Amino acid sequence: RAMPSRAPTSMDESDRDAIVAPSISGSDTLTPSSNASPDDPSNAPFSLAPSIKSLEDSSEPTSSTTDDQILTIEAPVSDTPTKQTTTLAPTSTAPSSAGPVSARLQAAIGKLSDLSGEDVFNDTSSPQFLAAMWISHEDTLQLGVDDPRFEQRYIMALFYYAMDGNNWNQKQGWLTGESECYWFGIDGNARGCGGDGVGGCIARGDFVGDYDKICRLDMGRLNNLYGQLPSELGNLAEMRYFEIQDDYILGTLPQSLGNWKQLHTFLIGGNYISGGFPSTFEGNEMLGTIFIDRNRFNSTFPNVFSTLKNLEWLDAEQNGFKGSLPASITSLKRLRIL
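Residues numbered from 1 in each chain as written. Predicted model: local features only at pLDDT ≥ 70, side-chain atom pairs only at ≥ 80, totals over all residues. Heavy atoms only, no water.

(A) Spotlight on the environment of phenylalanine 305. Note that phenylalanine 305 resides in the loop between strand E11 (296-297) and strand E12 (313-315). Considered as a pair, phenylalanine 305 and glycine 283 are 22 residues apart in the sequence and their alpha carbons are 8.8 Å apart. Excluding residues that lie within four positions of it along the chain, phenylalanine 305 makes contacts with Phe277, Ile290, Ile292, Leu311, Leu314 and Leu332. (Helix = DSSP H or I, 4+ residues; strand = E, 2+ residues; numbered from the N terminus. Contact = heavy atoms within 4.5 Å.)

This is the structure in structure tokens:
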């Protein structure tokens, strides 16, 4: 497949050290866990930030605006990621040649067409087809298409193929017979949604048809993820914490991510995302921390942020946003860092 390539491995150890963003531990609280103090700009979380301003100090959204205010958030220098080569031996996670469509694969595609559409399965190199092949023939669990977990497990396999999983630096458990709740970045289940790297699935209840539901996906930083986030991720309705930082997310954010009504922490800084921030997040009452810094966002500054009444920390530096900050952003009573 044709795609932009990544930077040499040496970039991870030297050049990218200058753009390291903090990793926030996920839990059901909205308080960011970082060495930075929201009330002390001298301890700002990013060394490259031109300013991180406490809104408690002023009623104005920024300290350098005019009537024709233009945001001076700049995008990173390089427009196209260069491919990183890897010395890691690929695992045997690629499905075997499709050949004739088996009855099991046909049943899987029939089940998944409502989620992914029919056309994507006509392309045998698409991440959707590869994920359907894997769950039909390679997955040792061999879940039936009517199993409550079938769709969730497919979505996680799809995420693996869409984001070039064979070349991730850390991918323990992915596409093995183990429950997807124990794959790297999810790391177990708990009553409620766990934090600090454990309990990324909400443990099933006692009623028939319930299953462990993914609520946290923490792939960390510099893990060599590469590709466009699939829209199917939006069907993981219990998602509360999502982190992929300093990697190679391309394209635009799917509008379907706005289905994450329980999301409280969204960390995607240091990638190559363009376009705007999904308007479907409008009115999310849980979202408290958003890092979209050091990307390629190039729309007008999103009004959707002004509708997030529990937003505490918004880092949008080093992007290409245009226009003025909406005056309504000053109505966010909990916003401490912008």
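(B) Region of the structure containing the sheet that holds strand E1 (residues 189-190). Reading across from one edge, E1-E2-E3 is the order of the three strands in this open sheet, with mixed pairing throughout. Unpaired on one side and paired on the other, E1 and strand E3 (213-214) mark the two borders of the sheet. Across two bridges, the pairing between E1 and strand E2 (residues 201-202) is parallel. Following the sheet pairing, asparagine 189 is matched in E2 by cysteine 201. (Pairing = 2+ DSSP bridges.)

(C) Examining the pairing of strand E4 (residues 216-221) more closely. Burial within E4 is extensive, with five of its six residues counted as buried. The pairing of E4 with strand E6 (residues 241-245) spans four bridges and is parallel. Pairing of arginine 216 across the sheet is with tyrosine 241, part of E6. (Buried < 20%, exposed > 50% of the residue type's maximum accessible area, 1.4 Å probe, protein only.)

(D) Broad picture of the side chain of arginine 294. Locating arginine 294 in the fold gives a position in the loop between strand E10 (289-291) and E11. Among the polar contacts listed, one links the side chain of arginine 294 to the side chain of aspartate 293, at a separation of 2.7 Å. (Polar contact = N/O pair within 3.5 Å; in protein donor to acceptor, adjacent residues only side chain to side chain.)

(E) Seen up close, the packing of helix H3 (residues 127-138) against helix H4 (residues 150-162). With their axes 8 Å apart at the nearest point, H3 and H4 run at an angle of 130° to one another. The angle between the axes of H3 and H4 places the two elements in the oblique class. Every pair of crossing elements has a handedness; the one defined by H3 and H4 is right-handed. The segment H3 lies against H4, with Pro127, Gln128, Leu130, Ala131, Ala132, Trp134 and Ile135 engaging Phe150, Arg153, Tyr154, Ala157, Leu158, Tyr161 and Ala162. Residue classes in the contact of H3 with H4 are distributed as 12 nonpolar, one polar and one charged. (Axes fitted to C-alpha atoms, helices over the stretch in contact; angles between N-to-C directions. Parallel < 35°, antiparallel > 145°, perpendicular 65-115°, else oblique. Left-handed = near helix turned anticlockwise from the far one by under 90°. Nonpolar A, V, L, I, M, F, W, Y, C, P; charged D, E, K, R; others polar.)

(F) Representation of the state of the cysteines in the model. In this structure the tally under the stated criterion is two disulfides. Linked covalently through their sulfurs, cysteine 181 and cysteine 201 form a disulfide whose S-S length is 2.0 Å. Taking the torsion about the S-S bond as the criterion, the cysteine 181 to cysteine 201 disulfide, at about -85°, is left-handed. Here cysteine 181 is found in the loop between H4 and E1, whereas its partner cysteine 201 is found in strand E2, with 20 residues between them in sequence. As far as the burial class goes, cysteine 181 and cysteine 201 line up, both buried. The disulfide partner of cysteine 193 is cysteine 215, and the S-S distance across this bridge is 2.0 Å. Looking down the S-S bond of the cysteine 193 and cysteine 215 bridge, the torsion is 95°, so its handedness is right-handed. Separated by 22 residues along the polypeptide, cysteine 193 in the loop between E1 and E2 and cysteine 215 in the loop between E3 and E4 bring together distant segments of the chain. (Disulfide = S-S within 2.5 Å.)

(G) Seen up close, the packing of aromatic side chains. Considering all chains together, one arrives at 21 aromatic pairs under this definition. Measuring from ring centre to ring centre gives 5.2 Å for phenylalanine 242 and tryptophan 260, while their planes differ by 40°; the resulting arrangement is tilted. Here phenylalanine 242 is found in strand E6, whereas its partner tryptophan 260 is found in the loop between strand E7 (248-249) and strand E8 (265-267), with 18 residues between them in sequence. The exposure class of phenylalanine 242 is buried, given its relative accessible area of 0%. Note on tryptophan 260: relative accessible area 0%, which makes it buried. Ring geometry for phenylalanine 301 versus phenylalanine 321: centroids 5.4 Å apart, planes at 75°, classification edge-to-face. Placement of the pair is phenylalanine 301 in the loop between E11 and E12 and phenylalanine 321 in the segment after E12, with a sequence separation of 20 residues. The exposure class of phenylalanine 321 is buried, given its relative accessible area of 2%. The structure contains a cluster of three or more aromatic residues connected by ring pairs, namely Phe242, Trp260, Phe266, Phe277, Phe281, Phe297, Phe301, Phe305 and Phe321. (Phe/Tyr/Trp six-rings, centres within 6.5 Å; stacked < 30°, edge-to-face > 60°.)

(H) Just the sheet that holds E6, in detail. A sheet is described by the order of its strands in space; here five strands give the open sequence E4-E6-E8-E10-E12, paired in parallel fashion. Either end of the sheet is taken by a strand with one partner, and the two such strands are E4 and E12. When the angles between neighbouring strand axes are averaged without regard to direction, this sheet yields 10°.

By themselves, these are just geometric observations and shouldn't be taken as functional.
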